[in-house]
Every structure is written in structure tokens, then in C-alpha cells.
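Structural overview
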Amino acid sequence: MSATVIFTIVSLSAIGVIAATILYFVAQKFKVFEDPRIDQVDEVLPGANCGGCGYPGCRGFAEACVKANELDALFCPVGGNDCMADVAKVLGKEAVAKDPEIAVLRCAGTHSLRPNVNQYDGAANCTISSNLYGGETGCTFGCLGLGECVDVCNFDALVMDPETGLPVVDADKCTGCNACVEQCPRDLFELRPKGKKDRRIYVACRNMEKGAAKKIGCEVACIGCNRCVKECAFDAIVVENFNAYIDPIKCKLCRKCVMVCPTGAIHELNFPPRKVKVEVEGEAEKPKAVKAKPEPVVEVAASKAEAQPERVVEKASPEALSNKENENTSDQSIKLGE
Amino acid sequence: MLKTFPKGGVHPPENKISAGAAIETLPLPTTATIPISQHLGAPSAPTVKKGDKVKVGQIIAQSTGFVSTNIHSSVSGTVQKIDDSIDASGYKRKAVIISVEGDEWDENIDRSPELKKEFSLSGPDIIKKVLENGVVGLGGATFPTHVKLSVPKGMKADVLILNGVECEPYLTSDHRIMLEKADEIIVGTQILMKALDVKKALIGIENNKPDAIEVFSKLADKNPGIEVHPLKVQYPQGGEKQLIKALINREVPSGGLPIAVGAVVQNVGTALAVYEAVQKNKPLIERVVSLTGKSVKKPANYLVRIGTPVAELIEASGGLPDDTGKVINGGPMMGKALNSLEVPVTKGTSGILIIPELEARRRPVQNCIRCARCTQVCPMGLEPYLLMTLTQKSMWDKVETNHALDCIECGSCAYTCPADRPLLDYIRLGKTTVSKLIRARKQ
Ligand code: SF4
Ligand code: SF4
Ligand code: SF4
Ligand code: SF4
């Protein structure tokens, strides 16, 4: 080996050693103390970085967990109770178990039940459309169908159903991260407790116009008739601005309100099919009937409309719809719409 | 050479088909729907209730703040109800709905056609009168006029600019009033000059209205202090900032108001409304609206009472053409399509434009080809393609630092984009989001 090569190797190694020594001391001098527990907590978090916890990414949440005295106010919706239990273990703190929540869409105005009366061809973005005007249908509160919620869902839990024009929540994938709730300009999503056996009851309408007015735009709108309020034995329903809301905490999932709603605006999810004559035989029987048939996990009744086909026929046959349309909208706007 | 603004601009086909039609008075509607929010700023508070009898010119909703104004009944009759009613945006908003009975005017209104030249009111009294009579900017933005006339402390206006540009294609309502109400507009201008305490007024008129330029040049010769300037036909010549640059070569600073450079811009229609308010005590209860479009049987300019449904104007012009694609409230560049013809004419309605189906639809959006035409035509020197992308990516801080708030929403960028990108749609979203963030930051 020539002297040059040896010299090069030696001198470069020397530079390396000197630099390493300097760097070591500098690193010691300017060391920023970081709690090692942050890393440990970060390890057990799901790493989705979705912001559902309200912090900038999982690491932000980990820092918050380490700093906080109690974990009560902190929750990772994606990881759920198991994940929070792990966090608690790492930190030696107490985790409070929370009911898992899931997003529900509070609009059931499909293309056929809520026909278009005009055509929008602006930018395909719900917020832009809703800032611009009332929307393509006769309802100015319902889903615009441009899928902004689908875009923000990090977990693939939302898909647009081209048939209905409404987004569909995949209950298995939804983590309750709240992103869609915040994004929807019409405030149509709500996080509701997953419920016993995944059963949920909610009012799928946000229209706050007077009853008669909204019937024009949509067949399945909540018209604020108060019948469900009177029916509910648990005071779980309030009607405000002609729009009913079911408090998920007070609701005992008895399904009575679903039966009395004249428009089918109250939706029940994952309940077994009703026995045909249950109504006459006294309400108390029903919960038992429910217990008797535990298995159906399919979303049996995605909407009242599907659950009770007779009613749908009476309301939503295409001819009936178009007649209604003619009564209520002037010729001009039909022309405008088409 | 004709004056114009130096940066950007487009020249869409002018299509001023209703320019030759003299102003006609439209018959009274059977019910008038008068929204309580027809201006920029706080909605007014209704002062009448169901069953009340009202006369033409009576106040039915009171101003609720400095940036707000009074609203008057445009008809006489009985208040049917105060209820939600569909407005130009397709949303339901509160309106006073009056069923019309006869045409009985408030006694204080001078309905004689004579020109009344002399006025003795002081500046502040003029401003009070303007507020009382509910005058707002009639160019389209409907900013309450008394606010514009109240110059903030520490600032001073030295010139009044009268906007007779009417750069929107199709619309001709300002053109018609300049021909038919020129004397009144000149008196209105003098009243505005007095209110602002300025000695000079410049009237800018686009060169495609030679008859109006001639009428006003003659009048200007007789009235010292008033000058008329023909302007190049270029959109958006009628934008406040563009007009100021074109006429007095001053640049309104980013985020600033015209008063920052000593100018106040008023529309010719507003000058007419000010004349009527101050000299005749007549509130803003009617306005001239162009009803136009290529397939319209009888393109016209109507003097319409506020609250008349758009459908009645269309009826008067021979009904909705068979090939109608869109009915637009305003002009083709800045107007918005209506989704109901029951929408009432409001203070801000300058025209109703009916576009045939063939021209109405937007073409499918394609990818940006980086041709930079949008940046070339933007009169504010912005980069529309960039603002759109940043908005799509929710990069709000960058949207702000790239001056989205300076966009005047003229639509030149979207008009010119060969890839048919909805540039202005997204920029508007960027603007509203950024203003919200700024407001939140200030709190
Ligand atoms: S639910 Fe909301 S965000 Fe989703 S498509 Fe409908 S309007 Fe848009
Ligand atoms: S559906 Fe909504 S709440 Fe559920 S994961 Fe998607 S964005 Fe989050
Ligand atoms: S709409 Fe805004 S960004 Fe587009 S050209 Fe006009 S001022 Fe420029
Ligand atoms: S005009 Fe359209 S295609 Fe051209 S640069 Fe702008 S956005 Fe891109």
C-alpha cells in the first residue's frame, strides 16, 4: 500500500475521532431532557396520526398523556379502551373506560326520496356548494353528496353510495375519530355510543324548517310532530326547531319511537326483524323477543323505509313523487332543474 | 388613449342586447316578499307584525347597527306574515310578506317628476337622510351608503368617483338610468360631494356607451368640479380598486379601503337613489333591473318594486324561453344562478339574465396545464392556480400569505382557464376560511 493511502486512512480516522469527541461533549452540554415515557406511550398508540384525540398526531397525544395528572380527559378513539389501558399501564395511572363511539349520518334523503330540483356543476366540494347556495334538492339541510367526508376519513370507513347519493359508514372500520363530524358543512354526522350489540336508534334528519315546508323537499324528513316524544317512556327525545333528537344516554333502545314516526325518520340499526303483530300484544314483550333472537349482525334496518316496505310503496313510488313535485314546485323551477 | 387599469383583465363578449330598451315600469305584484337582509352587514329588525297595514315608503325593518340600514315597504297593503322565504341563495331567510292593496304612498314622499336642484342640508344631515331612507350601494355589493360616506377619523376624501362603467356583459340598467335620469344623477353627485366635503367628482363610463358619455360630458361642462372620463372596455373596469387606478392612478393598499387613498367610489344608481332620498324624501323601494338573455322574447329594463318575484319580470318579457338552462341573478361574470323563480328582487338585483341550455353548463374539470393565463388576467396580480391548490390542500397559512383576501372575486381567472378549473370557487373557500382564522386569532 502506498504511503498516500495509509496517510489518507489515518488522517480521516483521526478527523472522525476528533469530531465524535467534540459532538459527544456538545450533545452532553445541550441535551434536552425528554421523558423516556413519551416514547413508551408512543409505542402503544395506534400510530394513525389522525388527530381524533385532539392533539397533533400520536406523539402529541403521548406527550399530553405523560404530562397529565389523570387520564380522564384523554382518549384515543382509534385505539379505544384497550389502548388506553396500555397507556395507563405504562404510566402507572388509572384509565377510565369509555363507551366506544361510532359515526352516524343524520340524513336519509336518498335520490329517490329527495329528488333533485336543480343541477349543481360547480366545484365538487361540499363546503363550497353549501356556501354558495341551498343545494340541488328541496332540502337545504341535507347531504350534498359531494363526498367531502369520504375524503377526510383516514380509516376508509366511509364510501359514497352512488345509488342513494349518501355516504355509508362502515361500522367495523369507523374509529369514531370525529374527522367527518368536523368536516361536514351541514353537520350531518354525530358520534353515538356503539350501543349494546351494536344497536343504535337515532333521528336521521337535521332539517329545521317547519314541518309542512320540509315535506315538500324530502319524504323521510323529521317533521317535528312530537309523536315520538310522547311515546318515549324515558324522556330521551326532545324536539327543537321542528327536529327531534334522541339522547343516546337516556335512550333504552326500546324501539317504540320508530313505530310511531309518521315519516320513518327514526332509524334503528342492527335490531332483529320485528314480529309482525308485536304492537297489539303489549309493549313489554318486545325486549324479550329481542333477546330470543340474538344473532343477526347484518344491518337489518338501514332505514325505516327498508324495514317497512308497505309504507315506502305508499310514499315513494316514482309516480307519486313526480305528482307531488308538480303540485309543489312551479313549472319554471322544474325546467330549471332539468 | 383611453384610460384603463394596468394589470390583467379580460374582454368577454359584451352582449348588451337590452341597451336600447327604455325603462318601463313593471305593474305591482300581488304579494311583495321583502327580505330583512338585503344589504351587507347586520340584518334589520322588523318593526311591523302580521295584520299591520302599511303604506309605500313606510319603514318595516329598522337598522340594527352601524353597518346595517332601514328597509321600507315597497307596496301598500297588509302584512301577511313575517316568515322564512327562499332568497337568491336558495336558503330560506326571514322576510316581510305583504299582500298588495292599492298603491297608497306615505305623505312625506314627493312624487312629482320635477328636478329639484337646490339643497341646503349639511354633510351629516345628508348622511342621516341616506340612512333613514335605506340607501345602499346599487352596483351589486349593497354596502350601506351612509357607512361609505362616514369617513373614518384621521382620513380625508379628496375625490368622489362615480361608477358608470357597468363592465358586466349583458347588464344595461345603469346605462339606461344614465340616459334617462342624467340630471338627477348629477344633483345626486353634488349631494354626495357635499356629504364627503370634496370639490372634485370623476365619472367613469366605459367606451361602449358613447351616448351616455355624450350626455354626461354636456352636463359636466355646466357643473364645475364634475369631470367625465371614457374608459376602455375591459372587465373588471368597474371594480373599485381598478377604477381608482384607472382614473387617478392611485393604488389601494392590500387589505385597505379606497378611502385610504382619499377616494370614495359610488355607483351611478346609488347617486340617483341619494338624490331621491335627499331631495324627494323617497326611500329605496324600487330599482331598475335588466331582464335580458339571448333567447328572451323582449329584453327590457324594468323599474321594479323591491319584493317583486323574479317570475313576474320574466312573464312581462314573454315568459321563460324553452331553451333556458340557467336564470342568473346579476351578470354572467359575477352573478349567481337562481334555483327558484319565486325569489324576490332586492336592493342588489341589477339584472336577471337567462342563459340558454347550450351555454349554461360548465365543462368538465381538467388538470392544470401550467399555462399561467389565470395569473396574466388577474387584475389583482394574484396566482389563482396556486391559491386553488393551496386551498384544496388546506394550507391556510400559505393561502393567507399569498394574499387570497385581495381577490375581488371578479372571476376572470375561471373565465379564462383553458382547463376549466373552478379557480374562483376554491379561492372563495380559501378567503372565507382565512377570514375566519384571522377573526379567531384576533379574539
Ligand atoms: S355528509 Fe356532509 S360532507 Fe359528507 S357528502 Fe354529505 S354534505 Fe358532504
Ligand atoms: S367515519 Fe368519521 S368518525 Fe368514523 S373513522 Fe371515518 S372520519 Fe372518523
Ligand atoms: S377572481 Fe380573484 S384571483 Fe381570480 S382573477 Fe379575479 S381577483 Fe384574481
Ligand atoms: S388558467 Fe387554468 S390551466 Fe392555466 S395555469 Fe391557471 S389553473 Fe392552470
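Quick caveat: nothing in here was measured; it's all calculated off a predicted structure. (Residues numbered from 1 in each chain as written. Chains lettered and ligands numbered in written order. Predicted model: local features only at pLDDT ≥ 70, side-chain atom pairs only at ≥ 80, totals over all residues. Heavy atoms only, no water.)

1. Focus: the pattern of salt bridges
Heads up, the rule is: In the sections that follow, a salt bridge refers to a side-chain nitrogen of Lys or Arg positioned within 4 Å of a carboxyl oxygen of Asp or Glu. Secondary structure is summarised from DSSP: a helix means a run of H or I of at least four residues, a strand means a run of E of at least two, and numbering begins at the N terminus for each. Burial classes: relative accessible area under 20% of the type maximum marks a residue as buried, over 50% as exposed, and values in between as partly exposed (1.4 Å probe, protein chains only).
Under the defined criterion, the tally for this structure stands at 39 salt bridges over all chains. In this structure, the salt-bridge partner of Glu107 of chain B is Lys55 of chain B, at a minimum N-O distance of 2.5 Å. Pair noted here: Glu107 of chain B is in the loop between β8 (92-100) and α1 (123-132) and Lys55 of chain B is in the loop between β4 (53-54) and β5 (59-62), with a separation of 52 residues, a long-range link. For Glu107 of chain B, a relative accessible area of 60% translates into the label exposed. When its relative accessible area of 27% is taken as the criterion, Lys55 of chain B is described as partly exposed. A cluster of three or more residues bridged by salt bridges with shared partners is formed by Arg106, Asp187, Glu190, Arg192 and Arg206 of chain A.

2. Concerning the interface of chain B and chain A
Put simply, the rule is: By definition, residues are in contact when any of their heavy atoms lie within 4.5 Å. The buried area of a pairing is the accessible area, by a 1.4 Å probe, that goes missing from both parts when the two are put together, added over both. We call two N or O atoms a polar contact when they sit within 3.5 Å, provided that within protein one can donate a hydrogen and the other can accept it, with sequence-adjacent residues counted only if both atoms are side-chain atoms. Residue polarity follows a fixed list, in which Ala, Val, Leu, Ile, Met, Phe, Trp, Tyr, Cys and Pro are nonpolar, Asp, Glu, Lys and Arg are charged, and the others, Gly among them, are polar.
In this assembly, 24 residues from chain B lie in contact with 25 residues from chain A. A buried area of about 2,100 Å², summed over both sides, lies between chain B and chain A, and 52% of it is on carbon and sulfur atoms. Contact with chain A buries area across many residues of chain B, yet Tyr91, Asn339 and Arg361 of chain B alone supply 27% of it, more than any other trio. Applying the counting criterion to the chain B and chain A interface returns four salt bridges. Across the contact surface, chain B and chain A share nine residue pairs in polar contact (both at pLDDT 80 or more). Take the side of chain B that touches chain A: its biggest share by element is five residues, from helix α14 (residues 423-442) of chain B. In the side of chain B that touches chain A, the residues fall into eight nonpolar, six polar and ten charged.

3. Re the domain arrangement of chain B
All names here are of chain B. Test applied: These domain boundaries are the output of an automatic or database domain assignment.
Each domain of chain B was delimited in the assignment, giving domain 1 (1-27 + 106-361) and domain 2 (373-442). If you average the C-alpha positions of domain 1 and of domain 2, the two centres end up 27 Å apart. Every contact between the two is made by 15 residues of domain 1 and, on the other side, 14 residues of domain 2. Buried area between domain 1 and domain 2, summed over both chains or domains, comes out near 1,100 Å², and the portion from carbon and sulfur atoms is 58%. At the surface where domain 1 touches domain 2, the tally comes to zero salt bridges.

4. Here's the deal with the pairing of strand β2 (residues 158-161) of chain A
Residues and elements named next belong to chain A. This is how the line gets drawn: Being paired, for any two strands, means DSSP has found at least two bridges between them.
In this sheet, strand β3 (residues 166-169) lies alongside β2 in antiparallel orientation, the contact comprising four bridges. Counted as the bridge partner of Val159 is Val168 from β3. Counted between consecutive antiparallel strands, the loop separating β2 from β3 contains four residues, among which Gly165 sits at a positive phi close to 80°.

5. What to know about the sheet that holds strand β14 (residues 300-305) of chain B
Sheet strands pair by backbone hydrogen bonding; their relative direction is either parallel or antiparallel. Residue and element names in this part refer to chain B. For clarity, the threshold we go by: Note on geometry: axes are C-alpha line fits, over the in-contact stretch for helices, and angles between N-to-C directions span 0 to 180 degrees.
Strand order in the open sheet made by the six strands is β1-β14-β13-β17-β15-β16, with mixed pairing throughout. Either end of the sheet is taken by a strand with one partner, and the two such strands are β1 (23-25) and β16 (336-337). Bridge count for strand β15 (residues 324-329) against strand β17 (residues 351-356) is five bridges, and the pairing is antiparallel. Among the inter-strand pairings, Val327 is bridged to a residue of β17, identified as Ile354. Across the face of the sheet, helix α3 (residues 173-180) comes into contact with β1, β13 (286-292) and β14 while running at roughly 125° to β13.

6. A short note on the site of ligand 3
Residue and element names in this part refer to chain B. Applied cut-off: One heavy atom suffices: a residue is near a molecule or strand as soon as one of its heavy atoms comes within 4 Å of it.
Of all residues adjacent to ligand 3, which total 13 residues, the nearest are Cys378, Cys407, Cys410, Gly411 and Cys413. Elements with a contribution of two residues or more to the shell around ligand 3: α13 (412-416) and α14. Among the residues making up the shell around ligand 3, the classes are represented as ten nonpolar, two polar and one charged.

7. A few points about the site of ligand 2
Lining the immediate surroundings of ligand 2 are 13 residues, of which Cys153, Cys174, Thr175, Cys177 and Cys180 of chain A lie closest. Here the residues of the shell around ligand 2 sort into ten nonpolar, three polar and no charged.

8. Here we look at the nonpolar core
Going by this rule: Nonpolar core, defined: a set of buried Ala, Val, Leu, Ile, Met, Phe, Trp, Tyr and Cys residues in which side-chain atoms within 4.5 Å join the residues together.
In terms of nonpolar packing, the biggest core is built from 44 residues, with Leu160, Ile185, Ile203, Ile205 and Phe216 of chain B touching the most fellow members. Sorting the residues of this core by element identifies α1, β9 (159-164), α3, α4 (182-196), β10 (201-206), α5 (210-222), β11 (226-231) and α7 (268-279) of chain B as the ones contributing at least two each. In terms of residues, this core owes the most to one element, α4 of chain B, which gives nine residues. Setting aside residues up to four positions removed in sequence, Ile203 of chain B forms contacts with Leu162, Ile186, Phe216, Ile226, Glu227, Val228 and His229 of chain B. Counting 26 residues, the second largest nonpolar core, distinct from the first, contains Cys228, Ala236, Val258 and Ala265 of chain A.

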